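Structural overview
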Amino acid sequence: MKKNILVTGGAGFIGSHVVRLLVNKYPDYHIINLDKLTYAGNLSNLKDIEKKANYTFVKADICDFDAMLDIFQKYDITGVIHLAAESHVDRSIKDPFTFAQTNVMGTLSLLQAAKHYWNGEWKDKLFYHISTDEVYGSLDDEGFFVETTKYDPHSPYSASKAASDHFVRAFHDTFGMPTIVTNCSNNYGPFQFPEKLIPLFINNIRHNKPLPMYGKGENVRDWLFVEDHAKAIDIIFHKGRIAETYNIGGFNEWKNIDLIKVMIKTVDKLLGKEIGSSEKLITYVTDRAGHDLRYAIDSSKLKNELGWEPSLQFEEGIEKTVRWYLENEDWMEEVTSGDYQKYYEQMYENR
Ligand code: NAD
Ligand code: DAU
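Residues numbered from 1 in each chain as written. Chains lettered and ligands numbered in written order. Predicted model: local features only at pLDDT ≥ 70, side-chain atom pairs only at ≥ 80, totals over all residues. Heavy atoms only, no water.

To continue, consider the nonpolar core. Grouped together as the largest cluster of nonpolar side chains are 72 residues, with contacts concentrated most on Ile-81, Tyr-128, Ile-248 and Met-263. Broken down by element, this core gets its largest block of residues, seven residues, from helix H1 (residues 13-25). Contacts of Ile-81, omitting those with residues within four sequence positions, involve Ile-5, Leu-6, Val-7, Thr-8, Leu-22, Tyr-128, Ile-130, Ile-233 and Phe-237. In this structure, Ile-62, Ile-71, Ala-84 and Phe-127 belong to the second largest nonpolar core, which totals 27 residues. (Core = buried A, V, L, I, M, F, W, Y, C linked by side-chain atoms within 4.5 Å. Buried < 20%, exposed > 50% of the residue type's maximum accessible area, 1.4 Å probe, protein only. Helix = DSSP H or I, 4+ residues; strand = E, 2+ residues; numbered from the N terminus. Contact = heavy atoms within 4.5 Å.)

The tally for this structure, following the rule as stated, stands at 20 aromatic pairs. Centroid distance Tyr-136 to Tyr-151: 5.6 Å. Interplanar angle 90°. Geometry classified as edge-to-face. Residue Tyr-136 is located in the loop between strand E5 (126-132) and helix H5 (156-175), and its partner Tyr-151 is located in the loop between E5 and H5; the two are separated by 15 residues in the primary sequence. Measuring from centroid to centroid gives 4.9 Å for Phe-171 and Phe-175, while their planes differ by 65°, and the two rings are edge-to-face. One end of the pair, Phe-171, and the other, Phe-175, are both in helix H5, four residues apart, so they sit about a helical turn from each other. The buried category is assigned to Phe-171, whose relative accessible area is 6%. Feature note: the residues Tyr-188, Trp-223, Phe-225, Trp-254 and Phe-314 constitute an aromatic cluster, connected by ring pairs. (Phe/Tyr/Trp six-rings, centres within 6.5 Å; stacked < 30°, edge-to-face > 60°.)

All we've got here are geometric facts, nothing functional implied.
This is how it looks when you write it as structure tokens:
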């Protein structure tokens, strides 16, 4: 069946990998990439596929209900993969309003547009919402988040994502809309905006700038290569069970300080520096407020039901990632110019 798939946030980090995969893999589908192009959205992430016949870009704000309805009508949307969001925890601490607006009201406006356009004809329709493991809160040293773990968000970002997840499930339970929610762990890879730990630190090592390590560097994250997340999204979009939740993770936990040391070795090696010499750049700074100690995802439901597993070992993924950032200096310069410089100075001065 011909599908017209609306991918929101397709000019961002994960969204661009999802759009690329779908456009290349399904020439018969029409992929409509809807993005507001905030500081985090960048069309140069999609240069390689932008001229493909089955791809359309639309600049719009998910909060604009009328615009969403027009897009559903104009492109006869049959499925939604919703990634558009404000995604950075530190920004949510400084400006929670924007997070509530985009992540909660934006998701609601998209849901309403889908409900209005599909008008109860749910066959072959799907609203697939991309969420995060951060909605589950923080773990101690033991245990994993499973799909039934109680929500316990701590940051304005995770609170806004949790609220959006609830709205999506409510649209299934109340109106019968076919929905799926997935909660994924930390992604890394090409095209990630350098406010996030891995690209920020690669860029700083390259420029001999301090590496601002929050607290004692003991927080633990579960890292997944972004292309593996995109593959999981493809499988779940096509084969996932309606009204289900699937956790997606890498079974790949790292303490921040250990992760950074591995990364430093890789960057030093590829830059021809003495291996480990950039460790002197590590600078311990004031911790993030409400900093969750540990995230760890149990993705065995996804493996058992749909056969998905991460394909890349972390060492291989990190080398691929570091190489990409070092070889794409122009991209880095483009996204770090202008407004981002101001953000960086405000974020890290006097910390
Ligand atoms: P990102 O910040 O790189 O990209 C977000 C995209 O959304 C940008 O292109 C931006 O322009 C767009 N956008 C923002 N507000 C919009 C609006 N009002 N209307 C239309 N477009 C808008 O984010 P990401 O890291 O790619 O994350 C994508 C999704 O995946 C988010 O929903 C996030 O919560 C979720 N997620 C991210 C991770 C991760 O590690 N990055 C992990 C799990 C889940
Ligand atoms: O778990 C999934 C989440 O992962 C996604 O939902 C979010 O969108 C994504 O941003 C990410 O959130 P984190 O807060 O875990 O990612 P971040 O890269 O900001 O930070 C990773 C860890 O590194 C975290 O423990 C904070 C720490 N950190 C981060 C920055 C930016 C530092 O020590 N120094 C820094 O400068």
